Amino acid sequence: MERPELSITAEHAPDEVTFHLAGEIDVLTVTELSALVNEALIEPPARIVLDMAGVTFCDSQGLGTLVVLSRKAQHARSVLALTNVGDFLLRVLDITGLRSALMISSTA
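Residues numbered from 1 in each chain as written. Predicted model: local features only at pLDDT ≥ 70, side-chain atom pairs only at ≥ 80, totals over all residues. Heavy atoms only, no water.

Per an unreviewed UniProt entry, the chain carries the name Anti-sigma factor antagonist and comes from Paractinoplanes pyxinae. In its Sequence similarities (unreviewed entry) section, the UniProt entry covering the chain states "Belongs to the anti-sigma-factor antagonist family." (UniProt positions renumbered as here; feature names shortened; annotations may be inferred.)

Structure follows, in structure tokens:
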């Protein structure tokens, strides 16, 4: 079985950090995502954006990590927003009841 990959590129603006994600968010890749968001929260910007346009899969560990990171951002007085969320992920968020726990923006 091939190891899932998650590519993350960061784009920094004065009040915002955007992470462009491509690949799978799962038990094997959430550590890297968590580390990058936690690092951004050391000196929290007003907003952290996770651009989900390239995400092809998200398991329960990935969903839980998104919720935890959102809460950490709130505690740091920052906002974690998801953009370009695909239909498959919106459906999973609806089914699990997690859609209301995350800020989902229609535009970046």
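Here we come to the overall build of the chain. The secondary structure content of the chain amounts to three helices and five strands. Relative to a compact globule of 108 residues, whose C-alpha radius of gyration would be 13 Å, the chain shows 13 Å and is just as compact. Oriented by its inertia axes, the alpha-carbon framework of the chain measures out at about 40 × 30 × 20 Å. Among the 108 residues that make up the chain, the fraction classed as buried is 42%. Long-range pairs, those at least 24 residues apart, make up 67% of the contacts in the chain between residues at least 6 apart in sequence. Of the roughly 6,100 Å² that the chain leaves accessible, carbon and sulfur atoms contribute 52%. (Helix = DSSP H or I, 4+ residues; strand = E, 2+ residues; numbered from the N terminus. Rg over C-alpha atoms; globule rule 2.2 N^0.38 Å. Buried < 20%, exposed > 50% of the residue type's maximum accessible area, 1.4 Å probe, protein only. Contact = heavy atoms within 4.5 Å. Areas by Shrake-Rupley, 256 points an atom, 1.4 Å probe, with all protein chains shown as cover.)

Counted under the stated rule, the structure contains two salt bridges. For Arg 47, the salt bridge goes to Glu 16, with nearest N and O atoms at 2.8 Å. Here Arg 47, found in strand β3 (residues 47–58), pairs with Glu 16, found in strand β2 (residues 16–25); they are 31 residues apart in sequence, far enough to count as distant. On the basis of relative accessible area, Glu 16 is assigned to the partly exposed category, the value being 24%. The residue Asp 94 makes a salt bridge to Arg 99 at a minimum N-O spacing of 3.0 Å. (Salt bridge = Lys/Arg side-chain N within 4 Å of Asp/Glu carboxyl O.)

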